[in-house]
Each structure stands twice: as structure tokens, then as C-alpha cells.
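Survey of secondary and tertiary structure
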Amino acid sequence: MRINRQVIPLNKEISFAEEIDFSKAEFDSVFIRKITSCQVKAKAFQSDKILRIVVDIKSEVVAISGYSLQDVPLSIKAHDELIFSDDPKDEDAIYEPKNIFDIDNHILSIILAHIPNRVVGKGEKLPESGKGYRILTEEEYLKEKETKPDSRWEKLDSVKIE
């Protein structure tokens, strides 16, 4: 979504909407596979040096299950505010010196921030213990570690000192 500061009148809010295509975007292969659709409705307000854009995002995302590594479709709805400035010293705004610029990366960041850290598919459960491995809770692991002797010192037990 390209923004042109020159067409946004000073001290007057304008609205616009657009569909953003993220089909060519590359994602972390253990977090998200793709974004299938993304609709953005935005309101822009420009004052002297600040451009404020309030965005409402509706997006369909294919995430990855933390249990089975299968695709899990998610609907993401987000409401956020982007503040741009052409002053590099303004710490409260995103520095953007150009009059025409793209906000797709900022929209992508907002979408990614709204995806849960751990995604689990509907009806999925953690696997049970099997041949050659065990599934433990953190509490079980810590209790077992506490009672288990340190194997690094076992060799010293067989050493005889006169």
C-alpha cells in the first residue's frame, strides 16, 4: 500500500482501503507458512510534520501447529496506529523522508505481532511417550533431575586413593 503525503490535505482526515498481496513474502518456516489474504482499511491525518495512519486489518494466515507441524488457518483482526515523520530526530514516530512510500512491511509486522506464539490445530493433543522417548511436563523433568545423581562424578567413585 503506497502512501502519497502530497494528496493528504493538512488537518483533514481521509479514508482509504486496499487489499495487500503477501503471496511473494518469505516467512520463518516454523512459525507461519503464508498470508492468503489481507484487507486494510485506513484513515490518514496529516499535520505539519506528522502523518498519522490508523489501520484496521483483516487477514487470513496459514500458521504451523506446534504439536503436529500441520497447517492451521487463522483469522487475524488488528487495529493499530502508524505515525510517520520526516524529522529524523523525532523518536516518537517512524522516520520516512519520502513523500511517496510503502507501508506493506509495517502492515506485515502488525499481522505477525497478532499471531499467537504457540498455535495448535483444532482437536490436536501432545503426543504420548513412545519407543525411545518420553514426554514429561516441566515439573516432572525438574523433579527427576533433582533426584538423579550427576553422572560426571560416577567415575571418581571407582578410583581408590591410598
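This report concerns the structure included in the present document. What you see is a predicted model; the values in this text were computed from it and never measured. (Residues numbered from 1 in each chain as written. Predicted model: local features only at pLDDT ≥ 70, side-chain atom pairs only at ≥ 80, totals over all residues. Heavy atoms only, no water.)

1. Brief notes about the nonpolar core
- If you look at the biggest cluster of nonpolar residues, it comprises 32 residues, and the most contacted ones within it are I35, C38, I53, I57 and I107.
- Of all the secondary-structure elements, those providing two or more residues to this core are β3 (32–46), β4 (50–64), β5 (71–85) and α1 (104–113). (Core = buried A, V, L, I, M, F, W, Y, C linked by side-chain atoms within 4.5 Å. Buried < 20%, exposed > 50% of the residue type's maximum accessible area, 1.4 Å probe, protein only. Helix = DSSP H or I, 4+ residues; strand = E, 2+ residues; numbered from the N terminus.)

2. Re the side chain of Q46
- With respect to the helices, strands and loops of the structure, Q46 is situated in strand β3.
- For Q46, a relative accessible area of 10% puts it in the buried group.
- Polar contacts involving the side chain of Q46 include one to the main-chain carbonyl oxygen of R5, which spans 3.0 Å.
- From its side chain, Q46 meets the backbone oxygen of I8 in a polar contact 2.9 Å long.
- The contacts of Q46, once residues within four sequence positions are left out, are R5, I8, P9, L10, N11 and L51. (Polar contact = N/O pair within 3.5 Å; in protein donor to acceptor, adjacent residues only side chain to side chain. Contact = heavy atoms within 4.5 Å.)

3. Let's talk about unusual backbone geometry
- Residue N11 is not a glycine yet carries a positive backbone phi of 55°.
- For N11, the location among the structural elements is in the loop between β1 (2–4) and β2 (14–19).
- On the basis of relative accessibility, which here comes to 56%, the residue N11 falls in the exposed class.
- A positive phi angle is found at L69, which is not glycine, with a value near 65°.
- In this structure L69 comes out as exposed when scored by relative accessible area, which is 57%.

4. Observations concerning the packing of aromatic side chains
- Enumeration according to the criterion identifies 1 aromatic pair in this entry.
- Between F84 and F101, the aromatic rings sit 4.9 Å apart at their centres with planes inclined by 55°, giving tilted as the arrangement. Residue F84 is located in strand β5, and its partner F101 is located in strand β7 (residues 100–102); the two are separated by 17 residues in the primary sequence.
- Given the relative accessible area of 0%, F84 is considered buried.
- On the basis of relative accessible area, F101 is assigned to the buried category, the value being 3%. (Phe/Tyr/Trp six-rings, centres within 6.5 Å; stacked < 30°, edge-to-face > 60°.)

5. Examining the environment of E18
- By the element assignment, E18 lies in strand β2.
- Classification of E18 by relative accessible area gives partly exposed; the value is 36%.
- Separated by 23 residues in sequence, E18 and K41 have C-alpha atoms that sit 6.6 Å apart.
- Sequence-distant contacts of E18, defined by excluding residues within four places in its chain, comprise M1, C38, Q39 and V40.

6. Considerations on the pairing of β3
- In this sheet, β3 lies alongside β2 in antiparallel orientation, the contact comprising 6 bridges. Opposite I14, over in β3, you have A44 as the bridge partner.
- With 13 bridges connecting them, β3 and β4 associate as antiparallel partners. Looking across to β4, one finds that K34 is bridged to V62.
- Turn length for the β3-β4 hairpin, with the two strands adjacent in sequence and antiparallel, is 3 residues. (Pairing = 2+ DSSP bridges.)

Shape is all these values report; function is a separate question.
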